[in-house]
Amino acid sequence: MEPEEKNPESRYGDPRKFDPTFKGPIYNRGCTDILCCILFMLALLGYFAVGILAWSQGDPRKVIYPTDSKGQFCGQVGSPLEKKPLLFYFNILKCASPLVLLELQCPTTQICVERCPDKFMTLVKALGNKDDVGNKTTFTDDGGKSINATDLLEASKLARAVAMRIFEDYTQSWHWILLGLVIAMLVSLIFVLLLRFLAGVMVWVMIFMVVLVIGYGNGSCLVYSSQITLYFSYMFMLITKHCTWLAFMIILCIVEVVIILLLIFLRKRLRIAIALIKEASKAIGHVMSSLFYPLLTFALLSLVIAYWAITAVFLSTSNEPVYKVSNTTECMYSTNTCNPETFNSSNITTECPGAECLFAFYGGETLYHKYLILFQFYNLFLFFWCANFVTALGQVTLAGAFASYYWAFKKPDDIPAFPIFNSLGRALRYHTGSLAFGSLILAIVQIIRVILEYLDQKLKGAQNKCAKFLLSCLKCCFWCLEKFIKFLNRNAYIMVAIYGKNFCTSAKDAFFLLMRNIIRVAVLDKVTDFLLFLGKLLIVGIVGICSFFFFTGKIKMVEVAAPSLNYYWVPILTVVIGAYLIAHGFFSVYAMCVDTLFLCFCKCQAALFISRDKTHIAILQTK
């Protein structure tokens, strides 16, 4: 690889000179970004306070048991709704809104019914047919609005039937799904271990196998897509399995063509990338505990997600039904809040004859309820911040361990006894503030994206095309900004792990270093990422094909038959998605190792990438 260009007028700073006395990650370091660390701790204390407040006010029964728009539990013993255990949604399609994830409430009228209706009509039609007038309360909301539910009967029945069948498939195949995920984990572990000893051979085998597996998928899809039939209805386009297989074939063909073209154009760079993967394999071989560190990250992320979900449920179920005085004549108490249980005994009925205490909305008028939406956003913001912090902690821990390998003069003698543990301790002791700083920047961008999505849903019915265009541009810009910040943070954390500087200095050094080596970053580092992505595809393809053959009954195990399923694609897709996540967990360690070694090399102004033990020399020459 060519040394960095020496340009005294470079806008990206002067390259660091090679220091033969540098021993790797600096141990004599101090705490960085202390103010951000204090801010993060205070935010966590506030997060716990919000959780305690939500747990004291919320009622999770509203999520577990069906609840109507007035907050009454359907089928509750001793209540007027005891014989009405089912919940009916007037427009269940509104439940697909992304706002449901934030508010955990479906924005449509919901009532308790004794049985699900088998006939749908508008209020006008119901009034026109005297035989159906007795049923009109089942199909109108509290405001007497005309609700067009004619087209929802088939949709609701179809959705209910499909959901029940999918649930039945999971109950029949959950143990086989777990077995498939265990197999995916074993295949990923075996693949990583083989890379340790046969990196060059395994990469070429991986490339050949990926092309072969995708080609086999194309052939299978072609066989199954021999006939195409389309059926149309008023709201849905139902596509038969044959058309589905045709779509899969087209997607796989596009993927294979793209992969082959990339392999052709990058053939001269593959040898360089393979050399880098070989070095990364040696590093992981000396730091085998790094393969199991993603389990800690997974456990911490699960804890963060669980706390956020539980807090969100309690916040969303802390609303209460609000009743207000309603009167057709002038009344001083009109629109005032009231209690329906004590309303008839109050003086309001005396002063305002004909006044009623009617349900107004589902919320609350206390200070807590007025700022409930802010608590939800705070819960979501701290979720992003904590999740990003856990990810950053994993990245800086792995970077510190692999940097210890790179700078070790005699391997493995100069490598610390517990590199992962030592790196994790340094990160938590000295750089909690820096990790919180980088995570905070990313969390701010992510919460802005959520706000933009929230506004997009609120303004969906607006006719202002200029506003829609501006909102779409903002969403696109912040999506790109989030990707850039993730990339910059990743490299900044590597610099933090090595030199122990604060986040801003490390981010600046990483950015200038990447810009001085922009060709190497675009060619070498990304080609390596592409090869690792092919490894993920290979593992997913192997597990996916095996699960397809098993669940469709193409292959049969001894004395074991595939479960009887309504949709065999349910367990197959579950296994495929799970296999990709598992493979991503293993290969993320490889990717972090490659990025760390690559950045360590770029910090040195050398023409050769030389192992410090003088036993391995890999010439990485950029042509």
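The rules we used
- Residues numbered from 1 in each chain as written.
- Predicted model: local features only at pLDDT ≥ 70, side-chain atom pairs only at ≥ 80, totals over all residues.
- Heavy atoms only, no water.
- UniProt positions renumbered as here; feature names shortened; annotations may be inferred.
- Helix = DSSP H or I, 4+ residues; strand = E, 2+ residues; numbered from the N terminus.
- Contact = heavy atoms within 4.5 Å.
- Polar contact = N/O pair within 3.5 Å; in protein donor to acceptor, adjacent residues only side chain to side chain.
- Expected span 1.5 Å × (residues − 1).
- Buried < 20%, exposed > 50% of the residue type's maximum accessible area, 1.4 Å probe, protein only.
- Arc of directions from axis to C-beta.

By the naming in an unreviewed UniProt entry, the protein goes by Choline transporter-like protein and is assigned to Cyprinus carpio. Quoted verbatim from the Sequence similarities (unreviewed entry) field of the UniProt record, the comment on the protein reads "Belongs to the CTL (choline transporter-like) family." The record in UniProt for the protein states the following under Function (unreviewed entry): "Choline transporter."

Caption draft 1: Seen up close, the environment of Asn 502. One can find Asn 502 in the loop between helix H16 (465–499) and helix H17 (503–516). The spatial distance from the C-alpha of Asn 502 to the C-alpha of Phe 437 is 9.4 Å, given a sequence separation of 65 residues. In contact with Asn 502, not counting residues within four places along its chain, are Thr 32, Asp 33, Ser 434 and Val 496. A polar atom in the side chain of Asn 502 sits 3.3 Å from the backbone nitrogen of Cys 504.

Caption draft 2: Structural context of helix H14 (residues 419–430). Counted at 1.5 Å a residue, the expected span for H14 with its twelve residues is 16 Å, and the 16 Å between its end C-alpha atoms agrees. Listed in full, the buried residues belonging to H14 are Pro 419, Ile 420, Ser 423, Leu 424, Arg 426, Ala 427 and Tyr 430. Along the long axis of H14, the arc covered by the buried residues comes to 165 degrees, so they all point the same way. The exposed set on the far side of H14, more than 90 degrees from its buried face, consists of Phe 421 and Arg 429. Check the buried side of H14 and you find it contacts helix H10 (293–316), helix H13 (372–406) and helix H15 (432–458).

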